[in-house]
Amino acid sequence: MVKICCIGAGYVGGPTMAIIAYKCPDIEVVVVDISLPRIAAWNSEQLPIYEPGLDGVVKQCRGKNLFFSTDVEKHVCEADIVFVSVNTPTKTRGLGAGKAADLTYWESAARMIADVSKSSKIVVEKSTVPVKTAEAIEKILTHNSKGIKFQILSNPEFLAEGTAIQDLLNPDRVLIGGRETPEGQEAIKALKDVYAHWVPEEQILTTNLWSAELSKLAANAFLAQRISSVNAMSALCEATGADVTQVAYAVGKDSRIGPKFLNASVGFGGSCFQKDILNLVYICECNGLPEVAEYWKQVIRINDYQKNRFVNRMVSSMFNTISNKKIAILGFAFKKDTGDTRETPAIDVCKGLLGDKARLSIYDPQVTEDQIQRDLSMKKFDWDHPLHLQPMSPTTVKQVAVVWDAYEATKDAHGLCILTEWDEFKTLDYKRIYDNMQKPAFVFDGRNVVNGDELRNIGFIVYSIGKPLDAWLKDMPAVA
Ligand code: NAI
């Protein structure tokens, strides 16, 4: 029986390994992590991450050919294939701070693999890493290996949170990069055989190591760029009376462009887009390509601009002051169907509103109060000026209440603001909400989920991103 061990039981390691175990009953999969609470949660009824469909898959395989353990060394030692799916955040200090990927976790995992291994192994980069990381990992492994042979593969993950299970079951492609030596090709074949249990052969792409590593950064940069492009258009739509939904539909009908990832919003979030673009920017700078670096930086600048623009629009509409006004925040996760709040635009929007002394009442169906309070009290990471981190004043968090119901959040509020596109926000009883709010009652829809005209008929003043502005909003122009 082939044995797989995955280091890192996070948003990628957990679901990816669950699907491998589910589709390959002849393979034993053990997911290991240094975090005791995380592994305990994977072994419990309450999994550590919310992902539609994940529960069922884990329950079907756990204890049969899928295991979760903190005994990292034992399971790495026993494995034929070791996936490394640890976190690779942006460095916040030192050389490359604000842009480069922090490979501390990766390096310590590689050193541990070299230390505990007693047999040859295939080591698979699952984490998103800078191009050429495999070379560094190879050096660590071979210099510490006591004669054991390691083959390094790059197998970046393209799943999206919220649809991870469907993405893993029906991937657009699986990408495997390896050395162009006979041993490298043999290792590629071994990993290909795992995916071939359920992925059609023509969808399993094989490349050299560097192409695979760079493809992941490139794919995320292209996806984020589409969002920043449509968001940049949304500002122009508001200025001209065009409707961004109509523009995006017309643009996306061009088969060379396609309709996906063209929804205007308050901005992209998630643990990957910003981090991976910054990493790409750093690699460009290190390779003497400042123009290319500048080009990609602009994608993040537009994202920051969009979040600022949204806050400014809110403040200016509400008579240029939100001091001590209650504002309901509906949605805090970075997208629907996940509880993940990493880099969620809600953090910047809420901090912007708190900076203007608003009182916030926040509701998200999947994010805990603890998480929200932690996110809002964390220092703001300024990627462009990483050495000048601004600590939040600890008192501001007292202006935040986290509630478990959209009606409670909006009661007596002056404005409500939708920051995550949860389906349930489309079907709320907005008449009831309106009746219980202060007047004039404002809706700021950062995800374009509500029908603006229906809400206007109830009596709300509505701002929807990139849509023609109400007369009220036109009279109160926001400066970005
Ligand atoms: P995560 O933070 O949810 O999980 C990483 C886990 O690794 C943590 O539980 C941590 O305790 C564990 N860990 C760190 N060092 C360890 C060590 N030495 N030994 C054992 N466990 C260790 O991160 P996530 O979101 O799963 O991301 C992992 C990688 O996958 C990142 O490089 C990310 O860029 C990439 N990725 C993430 C996607 C996402 O949607 N979250 C999608 C595609 C790629």
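Everything numeric in this text was worked out from a predicted model, so none of it was measured. (Residues numbered from 1 in each chain as written. Predicted model: local features only at pLDDT ≥ 70, side-chain atom pairs only at ≥ 80, totals over all residues.)

A. A look at the overall build of the chain. Regarding its fold elements, the chain presents 18 helices and 14 strands. For a compact globule of 480 residues, the expected C-alpha radius of gyration is about 23 Å, and the chain comes in at 24 Å, within 12% of that figure. Seen along its three principal axes, the alpha-carbon backbone of the chain occupies a region of about 75 × 50 × 45 Å. Scored against the burial criterion, the 480 residues of the chain give a buried share of 46%. Long-range contacts, defined as pairs at least 24 residues apart, comprise 76% of the intrachain contacts of the chain with a sequence gap of at least 6. (Helix = DSSP H or I, 4+ residues; strand = E, 2+ residues; numbered from the N terminus. Rg over C-alpha atoms; globule rule 2.2 N^0.38 Å. Buried ≥ 20, exposed ≤ 12 C-beta atoms within 10 Å, placed from the backbone. Contact = placed C-beta atoms within 7 Å.)

B. Structural detail: the site of the ligand. Around the ligand, the structure places 27 residues, and the nearest of them are Gly8, Gly10, Val12, Ser127 and Thr128. Broken down by element, the residue count for the shell around the ligand peaks at three residues, all from helix 5 (residues 104–116). Grouping the amino acids of the shell around the ligand by side-chain chemistry returns twelve nonpolar, eleven polar and four charged. (Near = placed C-beta within 6 Å. Nonpolar A, V, L, I, M, F, W, Y, C, P; charged D, E, K, R; others polar.)

C. Looking closely at the packing of helix 9 (residues 209–240) against helix 10 (residues 244–252). At their nearest, the axes of helix 9 and helix 10 sit 9 Å apart, and the two run at 135° to each other. When the axis of helix 9 is compared with that of helix 10, the two are oblique. Crossing of helix 9 over helix 10 shows right-handed handedness. Touching Val230, Met233, Ser234 and Cys237 of helix 9 are Val244, Val247 and Ala248, all from helix 10. The residue inventory of the contact of helix 9 with helix 10, partitioned by class, reads six nonpolar, one polar and no charged. (Axes fitted to C-alpha atoms, helices over the stretch in contact; angles between N-to-C directions. Parallel < 35°, antiparallel > 145°, perpendicular 65-115°, else oblique. Left-handed = near helix turned anticlockwise from the far one by under 90°.)

D. Structural view of helix 6 (residues 133–143). When helix 6 is considered as a whole, its buried residues turn out to be Thr133, Ala134, Ile137 and Leu141. Taken end-on, helix 6 shows its buried residues confined to a sector of 90°, consistent with a single buried face. Among the exposed residues of helix 6, those pointing more than 90 degrees away from its buried face are Glu135, Lys139 and His143. Next to the buried residues of helix 6 lie helix 5, strand 5 (121–125), strand 6 (150–154) and helix 9. (Arc of directions from axis to C-beta.)

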